[in-house]
Amino acid sequence: MKKILLIGAEAMPFAATGGLGDVLGSLPLAVSKAGGDEVDVRVVLPLYSAISQEWRDQMTLEIAYEVALSWRRQYCGVYRLCKDGVIYYFIDNEYYYKRDTLYGCFDDGERFAFFCKAAIDMLGMIGFYPDVIHAHDWQAALSLIYLDRKYRQSEGYAHIKTIFTIHNIEYQGKYDFWILGDVFELIENDRSIVEYDGCINLMKGAIVSANLVSTVSPRYAEEICTAEYAHGLHPILTENQEKLCGILNGIDYEYYNPTQDPCIAKNFTWQNLDEKSENKIALQKEVGLHVRPDIPMISVISRLASHKGLDLVSEIVYNVMKDQDVQLVVLGKGESRYESFFMGLQETFPDKVRALITYDRDLSKRIYAASDIFLMPSKSEPCGLSQMIASRYGAIPVTRETGGLYDSIKPYWEENGEIHGNGFTFVNYRSEELREGMLAAIELWRTEEKRISLIKRIMQTDFSWNASAIQYLRMYLSL
Ligand code: GLC
């Protein structure tokens, strides 16, 4: 039996702020199901104060020890919880994790260095030596670096193989050299591992240390070898290209399931799309828009960050709203310039536009279920899960052909009455191209017969973990 340990900063349903949380919430179970008796899958996470009492009540204290991080000696409690056959370990230290947010603290470098050190120490403490450690994003990068630089001589640690997954190359964990020893407990000899471009770069350190590197779509694996997408790391990825691969994420088909989702007004399947439109009516009432089941509802559900392509949306959306009989619902928060833009748009079109500046998972599902068209014109997108969730809830995606959007949404075309593709896509990062895609989607939506056949096709596209879990499993077994 292969023992696999995933290390990462967030996982649903415990604590999550974005896509990484979705993936670490669903991938372990998917691999465990796909591998059956061949695998033992476990996950390590920090015990944030955001993790609810309901989960804490199900945890048991496995062990407590002291973690050394440079001159510091810090308490570490390891709590354990078993969910659907996957064991989760939570690293407890209130000084580091009893905060209002998961990230964005002045001492994130130290918080995640402690997390990585505590996770690797834990293996010896509880006598669980995995065959593979699979670390995710920069917050877990030091676990692979510590393993190589400090633990390989100790019994149990020598044979462990490693995988590092990049969920978004924009966030690399860059720090000034003065904390190399004082915070990260690395010595001058370790410097060349983490050194990049004049500073410490934890993601770079993990890429060079890992046996294999993966990212969350095949297209993104190609893109991050180029200057346009790599945020400076392309030379490192090009040098390590033989160990790099891309595996498209899936989504949790139980949690995102329109046929039984308790959060939405009316459950539906691709066989009874009339019931989908009841969700639109319910949302129109909920957010105070005109109740108009006859017009398309367009939505954007996204962190309001520039790489999500919101500049393109803001360039064209005014004219689209002025000229077209449609509604627009935006959900998300982020950069204030986008928040103000969408709030301003709502003031201009009070009957047609709602800007909901918040992060709310249940509300997002009601919007997916209500939407007819879903916009995701990202400038870059490692994988993107929203286009898959939108598809599952029967909204037609309009996406830019980049990263995982390219791999998951193929352009619609029709020949001899036969439909191809599962959305509207465009290639160049230009607002005219987004507008064309949007207008084409609106036009198609207005022709009932075409709309129904395309939506049925979209809803039946397989975005479950089935195929990708097998690819991860193969990668684990190959090591
Ligand atoms: C990051 C990426 C997103 C991806 C997610 C899960 O949030 O930006 O594209 O879907 O990680 O891998």
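Anything mentioned here points back to the structure above.
Residues numbered from 1 in each chain as written. Predicted model: local features only at pLDDT ≥ 70, side-chain atom pairs only at ≥ 80, totals over all residues. Heavy atoms only, no water.

## Points about the packing of aromatic side chains
Stage number 1. For the structure on display, the rule yields 23 aromatic pairs.
Stage number 2. Where Tyr 412 meets Phe 424, the ring centres are 5.3 Å apart and the plane angle is 40°; that geometry is what we call tilted. On the criterion of sequence distance, the pair formed by Tyr 412 in the loop between helix H16 (403–408) and strand E18 (413–415) and Phe 424 in strand E20 (residues 424–426) is long-range, its members being 12 residues apart. Residue Tyr 412 shares its accessibility class with Phe 424, and that shared class is buried.
Stage number 3. Taken together, the ring pairs connect Tyr 103, Phe 112, Phe 115, Trp 138, Tyr 175 and Phe 184 into an aromatic cluster.
Stage number 4. Arg 72 extends its terminal NZ or CZ atom over the ring of Trp 71, reaching a point 4.2 Å from the ring centre. (Phe/Tyr/Trp six-rings, centres within 6.5 Å; stacked < 30°, edge-to-face > 60°. Helix = DSSP H or I, 4+ residues; strand = E, 2+ residues; numbered from the N terminus. Buried < 20%, exposed > 50% of the residue type's maximum accessible area, 1.4 Å probe, protein only. Lys NZ or Arg CZ within 6 Å of the ring centre and 35° of its normal.)

## Some thoughts on the pairing of strand E3 (residues 60–69)
Stage number 1. Pairing of E3 with strand E4 (residues 72–83), which is carried by nine bridges, proceeds in the antiparallel orientation. Residue pairing across strands places Leu 61 opposite Tyr 79, the latter belonging to E4.
Stage number 2. Between the end of E3 and the start of E4, which pair antiparallel, lie two residues, with Ser 70 showing a positive phi angle near 55°. (Pairing = 2+ DSSP bridges.)

## A closer look at empty space enclosed by the protein
Stage number 1. In total, this model carries one cavity of 30 Å³ or more according to the counting rule given.
Stage number 2. The calculated volume of the largest cavity comes to roughly 30 Å³.
Stage number 3. Lining the largest cavity are Asp 22, Val 23, Ser 26, Gly 250, Ile 251, Asp 252, Tyr 256 and Leu 385.
Stage number 4. Partitioned by chemical class, the residues of the lining of the largest cavity number four nonpolar, two polar and two charged. (1 Å grid on protein atoms, 1.4 Å probe; cavity = no way out; pocket = protein on both sides within 12 Å on 5 of 7 lines; lining within 4 Å. Points joined across faces, edges and corners; volume = space filled by probe spheres on them. Nonpolar A, V, L, I, M, F, W, Y, C, P; charged D, E, K, R; others polar.)

## A word on the nonpolar core
In a soluble, globular protein the nonpolar side chains are often hidden away together inside.
Stage number 1. Ile 91, Phe 164 and Phe 184 are the most contacted members of the largest nonpolar core, which has 169 residues in total.
Stage number 2. Here this core takes 10 residues from helix H4 (residues 108–126), the largest share from any one element.
Stage number 3. If you count residues domain by domain, this core takes at least three from each of domain 1 (2–250 + 466–478) and domain 2 (273–460). (Core = buried A, V, L, I, M, F, W, Y, C linked by side-chain atoms within 4.5 Å. Domains from an automatic or database assignment.)

## Quick word on the sheet that holds strand E14 (residues 327–331)
Stage number 1. The strand order across the open sheet formed by six strands is E15-E14-E13-E16-E17-E20, and the pairing between neighbours is parallel. The sheet terminates laterally at strand E15 (353–356) and E20, the two strands that pair on one side only. Shown here is a sheet whose adjacent strand axes are inclined to one another by a mean of 15°, direction ignored.
Stage number 2. As judged from the three bridges shared by strand E17 (residues 396–400) and E20, these two strands associate in the parallel manner. From the neighbouring strand, Arg 400 faces E20, where its bridge partner is Phe 426.
Stage number 3. Relative to the sheet, helix H14 (residues 361–370) contacts strand E13 (297–301), E14, E15 and strand E16 (373–376), its axis offset from that of E13 by approximately 145°. (Axes fitted to C-alpha atoms, helices over the stretch in contact; angles between N-to-C directions. Contact = heavy atoms within 4.5 Å.)

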